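Observations on the three-dimensional arrangement
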Amino acid sequence: MNAILQDFAAHWALYLSIPFVAALIGYVTKVIAIRMMFSPVEFTGIKPFLGWQGIVPKHAAKMAGIACDTLTEQLIKPQEVLDRLDPERIVAEVEQPLRQTIDEIVRDVAAAYQPGLWESLPRGVQRAVIARVQADAPRLLADVLAEIKSDVDNVFDLKDMVVTSLVRDKELLNRIFLEAGHKEFRFIRRSGAVFGALIGVVQMSAWVLFKAPIMMPLFGLFTGWFTDWLALKMIFHPRRPKRYFGLFEWQGLFLKRRDEVAEAYCELIAAEIITPRNVIEAVLRGPMADKVLALVQRKVDEELSRRTSIAKPLVVLAFGGRRYQDLKQRISELLMTKLPETMGYVEDYAADAMDIRNTLVAKMKELDAEEFEELLRPAFREEEWILIATGAALGFVVGEAQVLVLEQLAS
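Counting restarts for each chain: residues are numbered from 1 in the order of the written sequence. pLDDT decides what is reported in this predicted model: residues at 70 or higher carry local features, side-chain atom pairs at 80 or more are listed and counted, and totals for whole chains, interfaces and linings draw on all residues regardless. To obtain the side-chain values, all non-hydrogen atoms of the structure were included, while hydrogens and water were left out.

Time to look at the overall build of the protein. Strands are runs of DSSP state E lasting at least 2 residues, helices are runs of H or I lasting at least 4, and numbering of each runs from the N terminus. In terms of helices and strands, the protein carries 25 helices and four strands. For the protein, buried positions account for 49% of its 411 residues. Contacts: residue pairs with any heavy atoms within 4.5 Å of one another. A sequence separation of at least 24 residues applies to 80% of the contacts in the protein between residues at least 6 apart. Surface accessibility in these figures is a Shrake-Rupley result with a 1.4 Å probe; residues are shielded only by whichever protein chains are displayed. Of the roughly 20,300 Å² of accessible surface on the protein, 59% is carried by carbon and sulfur atoms. Each residue gets one of three labels from its accessible area relative to the maximum for its type: buried under 20%, exposed over 50%, partly exposed in between, using a 1.4 Å probe on protein chains only.

Here's what the structure looks like:
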C-alpha cells in the first residue's frame, strides 16, 4: 500500500488527468454521435458504403412518415385544416387579383381560338366581354371552394403534403428534431462529460492499483458505450415521474418538458409546413389535382350552360361541339394554372382562420406519454446501435492512446 501511495504522490497530476480524459471522451463521443444523426444532409464519400449521410436525412421518407403519422392521425385532420375557411370571405380577399386573372384567361382563350375575330372587335366590346365574365367568376370560385370543403378527403392529401415537404427539404426535417429536442441534445453532451468523469475516477483507481494496459481502452470503450446508452435512457425513461432510492425523482427529460416542446414543435409546423401557401399548392397541384380539375371543369360547364348569354362571345369563338369541349378544357386548365398565384392574396386571412399553431398545441397536450415520445424518439431509434457503437469505438481508441501517454510519462 505504501508503494501505491508513493507512486500516486509522485504522479498525482498524471493520474488525476484520467477522469478529465474520460470526461472528454464522454463529451466528444456525444458531440460526434449527434452530428452523425443530422450531418451531412447528403451522402458524402464514395457510394455505396465508403462514406456517411446523417441518419435522419438518410431515412428522410421514413422519418417524415413517422412524424406525419402522429401529426395527421392524432393532431389534425385535413377537414380541420380547411373547415374554418369561408369561401365567400376568400372570394372577397382575392377579388382584385381574380379580376386580373379572368382578364388574362379571356384574352388567352380568345387569342387561341379565333384571334382574328377577337382582334377585330372594338376595345369597348372586348372590355364588356371581359367584364361580364369577371362578374360571374367570384360565384364560380366560391362554388368550387365550397365543394372542395365538402369533400376534403377526396381532393386534399395532407399526409402527402407533409411528407413531400420534409423529404424535399431535409434541412427542415433536421430542424424539427433539433428544435423539438434541443435541450435533450444539450443534456446528452453534458451528461457524457459528467458520467465520463465518474467512470474516470474508477478508471484512475484501477490504473493506480493494477497498471494493466488493457484496462484503459476497455474503460474507454465502456465510457463511450455506457454514457451514450444511459443518456438516451434518461431522455425518454421513465415516461412518468419515478422516485429512485428514496432520494430523488426523475422523469424522462423530453416527457417532462412536453408543454415547452409542444409550443416549439407546433410553431415550426405551422410556420414551415401546414401553411396556407403549401395547402393551396397541395390542393391545386398535388397528387389529387386531377380531381380538383374535374371539379373545376364541371363548374365551368355549368356556368357556360347556365349563362349562355354572358358566355356567348366565347362560345361563338369555339365553333362545333369538339372545339367547345376544348374551350372548356382550356378555361379549366388556365384557372388551375393561375389560381395558386391568385390565392396567394388570401394567405394572411387563411393563416388567422386556420389557426394551425394553436390547434396543434391544444391537441398535442392531450397526447399520452407514449404518443408524445414518438415526436422525437424516431430520430434516435433508427440505427441507434451505430451511434452507441461509434461512441464505444472512439472511447477504445482514446483509451489506447491514453495508455501510451501514461506509460511514456511514467517511465
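On to the nonpolar core. Nonpolar core, defined: a set of buried Ala, Val, Leu, Ile, Met, Phe, Trp, Tyr and Cys residues in which side-chain atoms within 4.5 Å join the residues together. Formed by 100 residues in total, the largest nonpolar core has its most connected members in Val81, Phe156, Val162, Phe254, Tyr265, Ile274 and Met364. When residues in this core are grouped by element, the largest group, ten residues, is from helix 9 (residues 123–150). For Val162, the residues in contact, after removing those within four places along its chain, are Cys68, Leu71, Ile273 and Ile274. Residues Tyr15, Trp207, Val208 and Met216 belong to the second largest nonpolar core, which totals seven residues.

Looking at the element boundaries, Asp301 is found in helix 18 (residues 289–306). Residue Asp301 is classed as partly exposed on the basis of its relative accessible area, which comes to 28%. Each C-alpha atom, one on Asp301 and one on Gln329, is 9.3 Å from the other, the two residues being 28 residues apart in sequence.

Aromatic pairing here means that ring centres of Phe, Tyr or Trp (its six-membered ring) are within 6.5 Å. Orientation follows from the plane angle: under 30 degrees is stacked, over 60 is edge-to-face, and everything else is tilted. With the rule as written, the count across this model stands at ten aromatic pairs. Taking the centre distance of 6.1 Å and the plane angle of 10° together, the rings of Trp225 and Trp229 count as stacked. Of the two residues, Trp225 and Trp229 both sit in helix 14 (residues 215–236), four residues apart, roughly one turn of that helix. The exposure class of Trp225 is partly exposed, given its relative accessible area of 35%. A residue is classified by how much of its surface remains accessible, and Trp229, at 34% relative accessible area, is partly exposed. For the ring pair Phe254 and Phe372, a centre distance of 5.2 Å and an interplane angle of 35° mean the geometry is tilted. With Phe254 in helix 15 (residues 253–256) and Phe372 in helix 23 (residues 369–373), this residue pair connects regions lying 118 residues apart in the sequence. Grouped by ring-pair contacts, the aromatic residues Phe222, Trp225, Phe226 and Trp229 constitute a single cluster. Definition used: whenever NZ (Lys) or CZ (Arg) falls within 6 Å of the ring centre and also within 35 degrees of the ring normal, the charge is taken to sit over that ring. For the cation-ring pair, Arg258 lies above Phe372, with the distance from its terminal atom to the ring centre recorded as 4.6 Å.

Okay, the side chain of Lys30 next. Positionally, Lys30 belongs in helix 2 (residues 12–38). Assessed through its relative accessible area of 0%, Lys30 is described here as buried. Leaving out residues up to four positions away in the same chain, Lys30 has contacts with Ile188, Arg189, Gly192, Gly224, Thr227 and Asp228.

What follows deals with the confidence of the model for the protein. The predicted coordinates should not be examined in detail at positions where pLDDT is low. Counting all residues, the mean pLDDT for the protein is 80, and 89% of those residues have values of 70 or more. Per-element confidence in the protein ranges from a low mean pLDDT of 52 for helix 19 (residues 308–317) to a high of 88 for helix 21 (residues 347–354). Per-residue confidence from the prediction method is given by pLDDT, with values spanning 0 to 100.

With respect to burial, helix 17 (residues 276–285) is a largely interior element, seven of its ten residues being buried. Buried residues of helix 17: Pro276, Asn278, Val279, Ile280, Ala282, Val283 and Leu284, and no others.

Another aspect to go through is unusual backbone geometry. Residue Pro40 is bonded to the preceding Ser39 through a cis peptide linkage, with omega at -10°. Structurally, Pro40 is set in the loop between helix 2 and strand 1 (44–46). Between His237 and Pro238 the backbone carries a cis peptide bond, its omega angle lying at -10°. When you line up the elements, Pro238 lands in the loop between helix 14 and strand 3 (242–244). In this structure, Asp355 is a non-glycine residue whose phi angle is positive, near 50°. Take Asp355: it is sitting in the loop between helix 21 and helix 22 (356–364).

With that settled, the discussion passes to a nonpolar patch on the surface. Excluding any residue in a salt bridge, patches collect residues exceeding 30% relative accessible area, merging like charges within 9 Å and nonpolar Val, Leu, Ile, Met, Phe, Trp and Tyr side chains within 5 Å. Every case where a carboxyl oxygen of Asp or Glu lies within 4 Å of a side-chain nitrogen of Lys or Arg is listed as a salt bridge. A cluster of nonpolar side chains, namely Leu24, Tyr27, Val28 and Ile32, defines an oily patch on the protein surface of about 310 Å² accessible area. With respect to the helices and strands, the residue Tyr27 is situated in helix 2.

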